[in-house]
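Architecture at a glance
One-letter residues, chain by chain:
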Amino acid sequence: MFFVESAKWNRLDLKGFYPKGTKDELEYYSQQFNSIELNDTFYRNFPGLQFEKWKEKTPDGFKFFPKLGQEISHGKRLKDVEEVVNSYIENFSNLEEKLGTIFVQLNSNFSPKNFEVLKYFAESWPKNIPLAIEARHKDWFAFKKKSQKLSQLLEDYNIANVLVDTAGRRDMVHNRLTNNEAFIRFVGANHPLDYNRLDEWVLKLREWVNAGLENVHFFIHQNAEKESHLLATHFIKNINAEFGLDIKISNQ
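Heads up: these notes are all about the structure in this document. Within any chain, residue numbers begin from 1 and follow the written order of that chain's sequence. Restriction of local features to residues with pLDDT of at least 70 applies here, the model being predicted, together with a cutoff of 80 or more for giving and counting side-chain atom pairs; totals for whole chains, interfaces and linings are based on all residues. Only hydrogens and water are set aside; all other atoms, that is, all heavy atoms of the structure, feed into the side-chain values.

As a further point, take the pairing of strand β5 (residues 131-134). Any residue under 20% of the maximum accessible area for its type is buried, any over 50% is exposed, and the rest in between are partly exposed; the area is computed with a 1.4 Å probe on protein chains only. Helix and strand labels come from DSSP, where a helix needs a run of H or I of at least four residues and a strand needs a run of E of at least two; each type is numbered from the N terminus. Covered by surrounding structure in β5 are Leu131 and Ile133 together with Ala132 and Glu134, the residues of both alternating faces. Criterion used throughout: strands pair if DSSP finds at least two bridges between them. In this structure, strand β4 (residues 102-105) lies alongside β5, joined through four bridges in parallel fashion. Counterpart to phenylalanine 103 in the pairing with β5 is alanine 132. Here is how to tell: hold the view so the strands point away, follow the path from the first strand over the helix to the second, and if it runs clockwise the crossover is right-handed. Read from β4 through helix α5 (residues 115-124) to β5, the crossover connection turns out right-handed.

Structure follows, in structure tokens:
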């Protein structure tokens, strides 16, 4: 199943997207696209009632992919986080069938030296809740044995290995899948070549789907959020044509 879109739904980040007079941004957004990478949860543990309200505003089939809070990944650095992780999960669970894969973005200085901490976190994660992990320290990718060790850990616990396609960090678009989910975070450079990069992803996904990949979660950002919805619309049109799908396409 394909889910495609951006990280936020507010007006400041999607300039020119909302028609004049739009009263509820999430309600309108969810009528245009089928998912959201929920970055706001990185900064705040919203109460369960808020997730319940968001769920009620969105149509059937819509999915939220929330990021675990920075207090877990950056503050406590995955240590002694059972209580706060359970709090996030409990609140996220109010999304019910609209809850997609939860993901954690490791601190950029969380290196392979912290492998045992990461291993304990992976072991402790509830097996019935999909998780994706984004490693950012360069040493996870610079050394083959360390990369293999990370990939094996994620594979052992059925955790998706987040791929990040962004300028200046080409090591993070490592193309190492660790389960039947491609969790891809695409960061545009506010350049026309962003469209070419997205076209290349269609070809790569065709290759993976032919090999048996079933779940694609693709989220589009920009270094300066201006027209990420236009990039998403371009990408979805190509995905629909390539795979014979009918994913929602924005009318903007």
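The three strands lie next to each other as β4-β5-β6, forming an open sheet whose pairing is parallel. Strands at the two margins of the open sheet, each flanked by one partner only, are β4 and β6 (160-161).

In this structure, the largest pocket spans a volume of roughly 310 Å³. Those elements giving two or more residues to the lining of the largest pocket turn out to be β8 (181-188) and β9 (215-222). Classification used: nonpolar for Ala, Val, Leu, Ile, Met, Phe, Trp, Tyr, Cys and Pro, charged for Asp, Glu, Lys and Arg, polar for all others including Gly. Looking at the lining of the largest pocket, its residues break down into five nonpolar, five polar and eight charged. Grid points spaced at 1 Å over the protein atoms alone were grouped into cavities, where a 1.4 Å probe fits but cannot get out, and pockets, open sets with protein on both sides within 12 Å along at least five of seven lines, with lining residues defined by an atom within 4 Å of a point. Grid points are joined across faces, edges and corners, and a volume is the space filled by probe spheres set on the points. Taken as a whole, the second largest pocket holds about 240 Å³ of empty space. Around the second largest pocket, the lining is made up of 17 residues, and of these Ile129, Pro130, Leu131, Asn158 and Asn179 lie nearest the centre. Across the lining of the second largest pocket, the residue classes break down as eight nonpolar, seven polar and two charged.

Attention now moves to the side chain of threonine 101. Structurally, threonine 101 is set in the loop between α4 (82-92) and β4. Within polar-contact distance, the side chain of threonine 101 engages the side chain of glutamate 181 at 3.0 Å. Every residue pair with non-hydrogen atoms within 4.5 Å of one another is taken to be in contact. Leave out the neighbours within four places in its chain, and threonine 101 touches Phe65, Pro66, Pro130, Leu131, Ala132, Glu181, Phe183 and His217. Polar contact is the term for a pair of N or O atoms within 3.5 Å; when the atoms are in protein, one must be able to donate a hydrogen and the other to accept it, and sequence-neighboring residues count only if both atoms are side-chain atoms.

The next subject is the nonpolar core. To form a nonpolar core, buried Ala, Val, Leu, Ile, Met, Phe, Trp, Tyr and Cys residues must be joined to one another through side-chain atoms within 4.5 Å. Of all hydrophobic cores here, the largest spans 78 residues; its most connected members are Phe121, Trp201, Leu205, Phe218 and Phe235. In terms of residue count, helix α9 (residues 228-243) provides more of this core than any other element does, six residues in total. Aside from chain neighbours lying at most four places away, what touches phenylalanine 235 is Val4, Leu198, Trp201, Val202, Leu205, Phe218 and Ile220.

So, on to the packing of helix α8 (residues 193-210) against α9. To define axes, lines are fitted to C-alpha atoms, for helices over the stretch in contact only, and angles between the resulting N-to-C directions are given on a 0 to 180 degree scale. The N-to-C vectors of α8 and α9 enclose an angle of 35°; their axes lie 10 Å apart at closest approach. For α8 against α9, the interelement crossing comes out right-handed. In this structure, α8 uses Asp194, Tyr195, Leu198, Asp199, Trp201, Val202, Leu205, Arg206 and Val209 to contact α9, whose residues at the interface are Leu230, Leu231, His234, Phe235, Asn238, Ile239, Glu242 and Phe243. Left-handed describes a crossing in which the near helix is turned anticlockwise from the far one by less than a right angle; the clockwise case is right-handed.

A few words on empty space enclosed by the protein. In this structure the tally under the stated criterion is two cavities of 30 Å³ or more. What the second largest cavity holds in volume is close to 30 Å³. Forming the walls of the second largest cavity are Trp140, Phe141, Ser147, Leu150, Ser151, Asn161, His174 and Arg176. At the level of secondary structure, the elements contributing two or more residues to the lining of the second largest cavity comprise α6 (139-142) and α7 (144-156). The greatest single-element share of the lining of the second largest cavity, amounting to three residues, is contributed by α7. Tallied by class, the residues present in the lining of the second largest cavity amount to three nonpolar, four polar and one charged.

Attention now moves to a positive patch on the surface. Exposure above 30% relative accessible area and no salt bridge define the residues that can form patches, which grow by joining like charges within 9 Å and nonpolar side chains of Val, Leu, Ile, Met, Phe, Trp and Tyr within 5 Å. Each accessible area is a Shrake-Rupley result for a 1.4 Å probe, and residues are judged covered by the shown protein chains and nothing else. Just to be clear on terms, a salt bridge is a Lys or Arg side-chain nitrogen sitting within 4 Å of an Asp or Glu carboxyl oxygen. Asp and Glu are treated as the negative residues and Lys and Arg as the positive ones, with His and the ends of the chain left uncounted. By convention, the charge on Lys lies at NZ, on Arg at CZ, on Asp at CG and on Glu at CD. On the surface, Lys113, Lys119, Lys146 and Lys149 cluster together to form a positively charged patch. When you line up the elements, lysine 146 lands in helix α7. Residue class for lysine 146 comes out partly exposed when judged on its relative accessible area of 36%.

Topologically, asparagine 158 is positioned in the loop between α7 and β6. Distance from asparagine 158 to glycine 69, taken between C-alpha atoms, is 21 Å for residues 89 residues apart in sequence. Setting aside residues no more than four positions away along its own chain, asparagine 158 makes contact with Leu131 and Asn179.

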